[in-house]
Amino acid sequence: MPLHLIAGSGWQLFAIVVFALALLFVFFLIIRQNRKDFEEIEAWLAEERLNS
């Protein structure tokens, strides 16, 4: 591959890497929120079992 093609694609590669990192961060936030919601539901169910 000629050197000028590699150098020219540097910004595109940078943009792809930034986009991929942003997607990973969003997935991390979604998974973390789902875990919090799951723990909240488990606590609510445990409380309901104690009250019944």
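Note that the structure is predicted; figures quoted are calculated from it, not measured. (Residues numbered from 1 in each chain as written. Predicted model: local features only at pLDDT ≥ 70, side-chain atom pairs only at ≥ 80, totals over all residues. Heavy atoms only, no water.)

Section: the overall build of the protein
Helix and strand counts for the protein come out as 2 helices and 0 strands. Relative to its full complement of 52 residues, the protein shows a buried share of 0%. Approximately 5,100 Å² of the protein is accessible, and the part contributed by carbon and sulfur atoms is 73%. (Helix = DSSP H or I, 4+ residues; strand = E, 2+ residues; numbered from the N terminus. Buried < 20%, exposed > 50% of the residue type's maximum accessible area, 1.4 Å probe, protein only. Areas by Shrake-Rupley, 256 points an atom, 1.4 Å probe, with all protein chains shown as cover.)

What to know about a nonpolar patch on the surface
Taken together, the side chains of Phe19, Leu23, Val26, Phe27, Ile30 and Ile31 make up a nonpolar region of the molecular surface, amounting to roughly 590 Å² of accessible area. Positionally, Ile31 belongs in helix H2 (residues 10-51). (Patch = residues over 30% accessible without salt bridge, like charges linked within 9 Å, V, L, I, M, F, W, Y side chains within 5 Å. Salt bridge = Lys/Arg side-chain N within 4 Å of Asp/Glu carboxyl O.)

Examining the pattern of salt bridges
Following the criterion strictly, the structure yields 1 salt bridge and no others. The partner of Arg35 in a salt bridge is Glu39, with the nearest N and O atoms 3.5 Å apart. Taken together, the positions of Arg35 and Glu39, both in helix H2 and 4 residues apart, correspond to about one turn of that helix. Its relative accessible area of 43% is what places Arg35 among the partly exposed residues. Residue class for Glu39 comes out partly exposed when judged on its relative accessible area of 41%.

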